[in-house]
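# Structural overview
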Amino acid sequence: MEYAARFAAGRTTRKGSAEETQVGYSALVGVLREVTGVTQEELSKSYLKHGDLSESVAEFIGRRREATLFDGEEDPLTILDVASTFERMTEAQGKGSTATKRELVKSLLHRGEGELEAKYIVKILSKEMRIGLVEGLVEEAVAQAFGGDAGRETVKEAYLMLGDIGLLAREAKCGRLANVRIEPMRPTNFMLAEPMASAEEISAYFEGRELFAEYKYDGVRAQVHKLGGEVKIFSRRLEEMTRSFPEVVDAASRIPHDVVLDGEIVAFREGEGPLSFQLIQRRLRRADVEESKRIAPIRYFCFDMLYLDGSPTHRESFRARRALLWGVLKGTSLQRADSRTVRTAGEIDAFFRESRSLGYEGLVLKDPESPYTPGRRGRYWAKLKEELDTLDVVMVAAEFGHGKRAGKISDYTFAVRDGDGLKVIGKAYSGLTDKEIDEMMVRIKRLTVGEAGFRMAVRPEIVLEVAFDSIQKSERHDSGYALRFPRIKRVRDDKQAGDIDTLERVREIYEGQKVKADAA
Ligand code: AMP
């Protein structure tokens, strides 16, 4: 049950596990060609027609028997076989692992029965379904199958807390949804903040009540779990990133309690303050601990605590949670988030200016009486940034640049979400450094799914945060809108395609501009 739900949602492994199957697109293409004898040209044509490798697999897998000497004596594939094969792919690391993985994919394609099995094996491995939308459907199915009297809300809450669709299915089937709790070593979804435009809007929204205001740190969100002698760090996508931050592991392991902490890891130098966000991204990409440490010093600013010594604390008020947290942090080298109690728009504004002058992004304002609600945005937390109008978008195509950037893939076409699909909204040429462009080129090559001249269609995985001057109506892109002067603010490796902004939000910003222009 657990595996079936996970596969249906397009995942090979449990969320929160450090490793993934990591089978590249080119490996899948290679295996498919080997198993079926299809030519590269036939495959490209088919891919351009379907836009999805798994559909091409379904088209060609019928040729398998002619192309290979397959004796057909193996047992039919079961879900558990697939799960254990995925596990073996995950375990294959280092030298020779690519060949091992290819052999394992081959064995699955041989043993799978008919087009459908082959198609879905490739769909899962190529992460074709991984834009986070399919998980919602599986969640709905779990609710219908086992939700019973517990109801939709209980299923949703349990899922947000468990973080993994397979665990949700298992707990639901066993009738244990009501007992799901936050537990150390199992990541839970993060509470999120609603963007707001001004100090006035925030103070009006919270009706002038007292608020805890904190600096908005520009780093990576991090959930730190400590149980006995063990420490693990999870990202906003619930992926493990323990190895990238040994200093945090070291400091957390000295806490004399079992805890789950929430906070932000920031590149930070004593006496100097916050450093560039890009440094943290670089640390995330380095597997080597010592090298990672050398890239930049860091600080972990803690602002919440979800679990303490055997008891979940997320249902308590923020005021109570924070009092406990400040106690837990005493005597450790982990930092308390800078915070101040504010009430009026004037006080919010003053603290906001202070935060900006120190090099932080703005503020996050929190209702002191609110519980911690995993995975939910709004209501209790609001964020205030200088530049409201940035959009999180996903790259869908890339091209070689001109002039100084000739020979480099440096022009990126990007899209926003519209229901289940994506709609192109613009193209950006600037914002990344030469070094970042080089790194991006490597990633794009890995994600390229078809080429037409100099233009590459890119699998929608790379999330970019783009700033722009305004939004215009335009026939140029299929969204019906275009961004004026778009520039890339940063690469958002902490987000995935399911987290990007929607066409609805684009419309809202567009309408908002009109109101402002009319009023001017
Ligand atoms: P954004 O990335 O613009 O959607 O803003 C939300 C992010 O701000 C969160 O996911 C955190 O990573 C980050 N953040 C920085 N400082 C804080 C804070 N004091 N409280 C909550 N989130 C914060």
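Residues numbered from 1 in each chain as written. Predicted model: local features only at pLDDT ≥ 70, side-chain atom pairs only at ≥ 80, totals over all residues. Heavy atoms only, no water.

Let us look at the site of the ligand. In the region of the ligand, 15 residues are neighbours, and Glu214, Tyr217, Glu264, Lys366 and Lys383 sit closest. Between an oxygen atom of the ligand and a side-chain N or O atom of Lys216, the distance comes to 3.1 Å. The side chain of Lys385 places a nitrogen or oxygen atom 3.0 Å from an oxygen atom of the ligand. For the ligand, the protein covers 94% of the area, taking 500 Å² as the surface of the free molecule. Mapped onto the shell around the ligand, the elements with two or more residues apiece are β2 (211–216), β11 (362–366) and β12 (377–385). In terms of residue class, the shell around the ligand is built from 5 nonpolar, no polar and 10 charged. (Near = heavy atom within 4 Å. Polar contact = N/O pair within 3.5 Å; in protein donor to acceptor, adjacent residues only side chain to side chain. Areas by Shrake-Rupley, 256 points an atom, 1.4 Å probe, with all protein chains shown as cover. Helix = DSSP H or I, 4+ residues; strand = E, 2+ residues; numbered from the N terminus. Nonpolar A, V, L, I, M, F, W, Y, C, P; charged D, E, K, R; others polar.)

This brings us to the domain arrangement of the protein. On domain assignment, one finds that the protein holds domain 1 (2–129), domain 2 (132–179), domain 3 (194–385) and domain 4 (389–518). For domain 2 and domain 3, the distance between their C-alpha centroids amounts to 28 Å. Each side of the interface is counted separately: domain 2 has 6 residues, and domain 3 has 6 residues. Buried area between domain 2 and domain 3, summed over both chains or domains, comes out near 470 Å², and the portion from carbon and sulfur atoms is 55%. Together, Glu157, Leu160 and Met161 form the three largest contributors to the area buried by domain 2 at its contact with domain 3, with a combined 72%. (Domains from an automatic or database assignment. Contact = heavy atoms within 4.5 Å. Buried area = accessible area lost by both parts, 1.4 Å probe.)

Our focus in this paragraph is the packing of aromatic side chains. Scanning the model with the defined rule gives 13 aromatic pairs in all. When the centroid spacing of 5.3 Å and the interplanar angle of 80 degrees are considered together, the rings of Phe7 and Phe86 count as edge-to-face. You can see Phe7 sitting in helix α1 (residues 2–8) and its partner Phe86 sitting in helix α6 (residues 79–91), a full 79 residues away along the chain. An identical accessibility class is assigned to Phe7 and Phe86; each is buried. Of the aromatic side chains, those joined through ring pairs into one cluster are Tyr215, Tyr217, Phe268, Phe301, Phe351 and Tyr360. When the ring centre of Phe318 is taken as origin, the NZ or CZ atom of Arg322, which lies over that ring, is 5.7 Å away. (Phe/Tyr/Trp six-rings, centres within 6.5 Å; stacked < 30°, edge-to-face > 60°. Buried < 20%, exposed > 50% of the residue type's maximum accessible area, 1.4 Å probe, protein only. Lys NZ or Arg CZ within 6 Å of the ring centre and 35° of its normal.)

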